[in-house]
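Read off the chains here:
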Amino acid sequence: MQETQMISFQEHGDSRGNLIALEGEKEIPFHIQRIFYIYGMDKTAVRGQHANRKSNFVMICLKGTAKIKVDDGRKSQTFVLEKPDQGLFIPKETWKEMSDFSADSVLLVLSDETYDAGEYIRDYQEFVKEVTDL
Ligand code: TYD
């Protein structure tokens, strides 16, 4: 998978409620090395505002809603995550901004890389220069 795109997950629902199972290399298109989740955001909060040189991600809004703006250096797209049975695959070298969180939102993020602060590009102009020079 190379492009940012939505992924639908199968719900295993019955009278007891719902369950979604995610495995690396199956529903998640990479080997999962890291998970983190963000919550308790103010509705004015904007997170991300960076790109990663190595990490691919899948973001899932487990509860509430969140807006995810992605930019590959050429075009920008905005996605709304509002159901736990949908994920957003975001490839490496993509500028990301997460915003418009509902008060109850819990955003789960899966990645194929462990945390390395050195792979983050935090300056937008530097990001555009890096991706357009490829
Ligand atoms: P930050 O990158 O600012 O979060 P976001 O992408 O949501 O804007 O990270 C916030 C803090 O958490 C920062 O001190 C780095 C730390 N952190 C880790 O230690 N490990 C991780 O996997 C991540 C994503 C962040």
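Placed above this text is the structure.
Okay, so let's go over this structure.

What counts as what
Residues numbered from 1 in each chain as written. Predicted model: local features only at pLDDT ≥ 70, side-chain atom pairs only at ≥ 80, totals over all residues. Heavy atoms only, no water. Pairing = 2+ DSSP bridges. Helix = DSSP H or I, 4+ residues; strand = E, 2+ residues; numbered from the N terminus. Contact = heavy atoms within 4.5 Å. Salt bridge = Lys/Arg side-chain N within 4 Å of Asp/Glu carboxyl O. Buried < 20%, exposed > 50% of the residue type's maximum accessible area, 1.4 Å probe, protein only.

Attention now moves to the sheet that holds strand 10 (residues 120–121). Taken in spatial order, the five strands line up as 6-5-8-3-10 in an open sheet, and their pairing is antiparallel. The sheet is open, and its two borders are formed by strand 6 (76–81) and strand 10, each paired with just one other strand. As paired strands, strand 5 (residues 66–71) and strand 8 (residues 95–99) are joined by five bridges and run antiparallel to one another. Across the sheet, the residue bridging to Asp71 is Trp95, located in strand 8.

Further remarks concern the side chain of Gln86. Tracing the backbone through its elements, the reader meets Gln86 in strand 7 (residues 86–90). Sequence-distant contacts of Gln86, that is, excluding residues within four places in its chain, are made with Met6, Ile7, Phe9, Met59, Ile60, Val80 and Leu81.

This part is about the pattern of salt bridges. For the structure shown, the criterion picks out seven salt bridges. Among the ionic pairs, Asp100 bridges to Lys67, the shortest N-O distance being 3.7 Å. Residue Asp100 is located in the loop between strand 8 and strand 9 (106–111), and its partner Lys67 is located in strand 5; the two are separated by 33 residues in the primary sequence. Linked by salt bridges that have partners in common, Glu3, Asp72 and Lys75 make up one network.

Time to look at unusual backbone geometry. Located in the positive-phi region is Gln49, a residue other than glycine, with phi close to 55°. Its location among the elements puts Gln49 in strand 3 (residues 47–52). Residue classification places Gln49 among the partly exposed positions, given a relative accessible area of 38%. One non-glycine residue with positive phi stands out, namely Glu93, at about 60°. Along the polypeptide, Glu93 turns up in the loop between strand 7 and strand 8.

So, to be careful, I would describe these as geometric facts and stop short of saying anything about function.
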